[in-house]
Structure formats: C-alpha cells, structure tokens
Amino acid sequence: MTALPQGLTAGTWNIDPIHSEFTFTARHAGVSKVRGHFEEIAGDVNVGETLEDSTVSAEASADSINTRNEQRDGHLKSGDFFLAEEHPKLSFKSTGIKADAADEFETVGELTMRGVTKEVAFATEFAGVATDPNGNQVAGLSATATVNRKDFGMSFEAVLGGGELLVSDKIKINLELELVKA
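Positions within a chain are numbered from 1, following the residues in the order the chain's sequence is written. Only residues with pLDDT of at least 70 are given local features in this predicted model, and only at 80 or more are side-chain atom pairs given and counted; all residues enter the totals for whole chains, interfaces and linings. Processing note: side-chain calculations cover all non-hydrogen atoms of the structure and skip hydrogens and water entirely.

Engineer: Any chance you could explain the overall build of the chain here in plain terms?
Structural biologist: Numbering of helices and strands runs from the N terminus, with a helix taken as a DSSP run of H or I at least four residues long and a strand as a DSSP run of E at least two residues long. Looking only at helices and strands, the chain has 1 helix and 11 strands in total. In sequence order, the chain lays out its α and β elements as β-β-β-β-β-β-α-β-β-β-β-β. Over its C-alpha trace the chain gives a radius of gyration of 17 Å, about what one expects of a compact globule, namely 16 Å for 182 residues. Seen through its C-alpha atoms, the chain measures out along the principal axes to roughly 55 × 35 × 30 Å. Taking contacts inside the chain between residues at least 6 apart in sequence as the whole, the part at least 24 apart equals 58%. Working note: accessible area of the chain is about 9800 Å², and carbon and sulfur atoms make up 48% of it. By the counting scheme adopted, Arg and Lys are positive, Glu and Asp are negative, and His together with the chain ends is not counted. Every charge is mapped onto a representative atom, which is NZ of Lys, CZ of Arg, CG of Asp or CD of Glu. Across the chain, the centroid of the 16 positively charged side chains sits 8 Å from that of the 29 negatively charged ones. C-alpha atoms define the radius of gyration, and 2.2 Å times the number of residues to the power 0.38 defines the globule rule. Should any heavy atoms of two residues lie within 4.5 Å, those residues are counted as being in contact. Here the Shrake-Rupley method, with its probe set to 1.4 Å, supplies the accessible areas, and only the displayed protein chains count as covering residues.

Here it is as structure tokens:
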C-alpha cells in the first residue's frame, strides 16, 4: 500500500470549478491545434488512508463546451460528436490509482462520453497542499490522457484533398484541478 503524498489527508476533497479546468486539444486539418474546454465541471476525490483506497468521480456538462467559436461549438454538441442533447454529461469514475513516483500516479477509470464507456489512464501529478485566503485546505492535481474520439462513437469523417483529417482521431485531455477539503 502506498502512503498518501505529503500534506494530503484522508477525506472528501471537492473540485473547485472556479480554479479548475477540463481542456482538450485536437489537431485541425493536420497542421494546427484547436483547443477547447468545458465550462461546467464538478466532482470529488475521496482520499482514503492509502493511495489505493482513494477514488475519483468527476463530470462535465457536454453543453458547456467552449472552443471560442459558436459554430464549431454547435457542431461539437451535435450527433457528429458529443450528441449533447441525448448525453448531457461526460463522466469519469476511477477504478484504481497507483503511484509511479512520490508525487506522480496513474489514475485509471471509466470515461463515459456520448453514452460510451471506455477505460482511460490519466498520468496524474500531485502539486501539493496549501491554505487559501479563506482558511480552506486546498490541493492541486494535474492529469493528462489521450483518447481516440472514434472509440466513443464520434465518427465524423471529413477528409481534406491531401488526405488529412479535418479533425484528428486522437484527442488530448488535460485537467488542472484545485480541490477543497470538505
């Protein structure tokens, strides 16, 4: 069993949506990167006595997607991608956490998008614990993963003249989370 990182204590730590981000990056036309984020996120980390006893549960509102382009956001909410009207939430529930180094772990769990659930492993880094100006105990985590959008039923297939995909199959997910001890 792996001890908890320095300063992290057992209990429930809630995601602070104001100081957290769920972002993603896709390659566009094979030559550039387009980034976006979900504006509505929530969840918690239930820290156990050991790292292995801890769990993560999080969600994002598919309708809150923002890529700084209203037309693109509408397309991403459609049946070509998130099918947000039928599947309003993206969710993640961990199934295991294991340490790679003192402040680095692998968080494995079930990611559900568009009603499809797949196992995804997030490379996770613990950034430490502090006390915020309001006296709350806060902790920071960063996590990254790469998924194939087609694995989740997002089969939009626009191919350009040179054979490049308009939207890459591989999507990079980046989470920057600030947690507040309940």
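Engineer: For this particular structure, what's the right way to read the pattern of salt bridges?
Structural biologist: Where side chains of opposite charge bring their charged atoms close, a pairing between them can arise. A side-chain nitrogen of Lys or Arg and a carboxyl oxygen of Asp or Glu constitute a salt bridge if their distance falls within 4 Å. As enumerated under the stated definition, the model contains 6 salt bridges in all. Measuring nitrogen to oxygen at the nearest pair gives 3.7 Å for the salt bridge that ties Glu59 to Lys89. Of the two residues, Glu59 is situated in strand β5 (residues 55–61) and Lys89 in strand β7 (residues 89–101); the sequence distance between them amounts to 30 residues.

Engineer: Just to check I follow, could you spell out a positive patch on the surface for this structure?
Structural biologist: Side chains of Arg27, Lys33, Arg35, Lys170 and Lys172 sit close together on the surface and give a patch of like positive charge. Of all the secondary-structure elements, those providing two or more residues to the positive patch are β3 (32–38) and β11 (167–181). Within the secondary structure, Arg35 sits in strand β3. The residues that make up patches have over 30% relative accessible area and no salt bridge, and they are joined within 9 Å when like-charged or within 5 Å when they are Val, Leu, Ile, Met, Phe, Trp or Tyr.

Engineer: I keep staring at the packing of aromatic side chains and nothing clicks. Help me out?
Structural biologist: Aromatic pairing here means that ring centres of Phe, Tyr or Trp (its six-membered ring) are within 6.5 Å. Orientation follows from the plane angle: under 30 degrees is stacked, over 60 is edge-to-face, and everything else is tilted. Throughout the structure, instances matching the rule amount to 5 aromatic pairs. Between Phe24 and Phe38 the ring centres are 5.7 Å apart and the planes differ by 45°, which places this aromatic pair in the tilted class. With Phe24 in strand β2 (residues 21–28) and Phe38 in strand β3, this pair connects stretches of sequence that are 14 residues apart. Of the aromatic side chains, those joined through ring pairs into one cluster are Phe22, Phe24, Phe38 and Phe82.

Engineer: Help me understand the pairing of strand β1 (residues 11–15), please; the structure alone is not making it clear to me.
Structural biologist: For a regular strand, side chains alternate in direction, first toward one face of the sheet and then toward the other. Of the strand pairs in this sheet, β1 and strand β4 (residues 41–47) are connected by 4 bridges, and their pairing is antiparallel. Looking at the pairing, Gly11 lines up with Val47 of β4. DSSP bridges decide pairing: two strands pair if at least two such bridges lie between them. Examined bridge by bridge, β1 and β11 share 3 bridges and lie antiparallel to one another. What sits directly across from Trp13, in β11, is Lys181.

Engineer: How should I be thinking about unusual backbone geometry in this particular structure?
Structural biologist: Working note: non-glycine residues mostly have negative phi, and peptide bonds are mostly trans. The phi angle at Arg68 is positive, at roughly 70°, despite the residue not being glycine. Residue class for Arg68 comes out exposed when judged on its relative accessible area of 79%. Of note in the backbone geometry, Leu83 takes a positive phi value of approximately 50° without being a glycine. One can find Leu83 in the loop between α1 (70–77) and β7. Per-residue accessibility, obtained with a 1.4 Å probe over protein chains only, is compared with the maximum for each type, and a residue is labelled buried under 20%, exposed over 50%, and partly exposed between these values.

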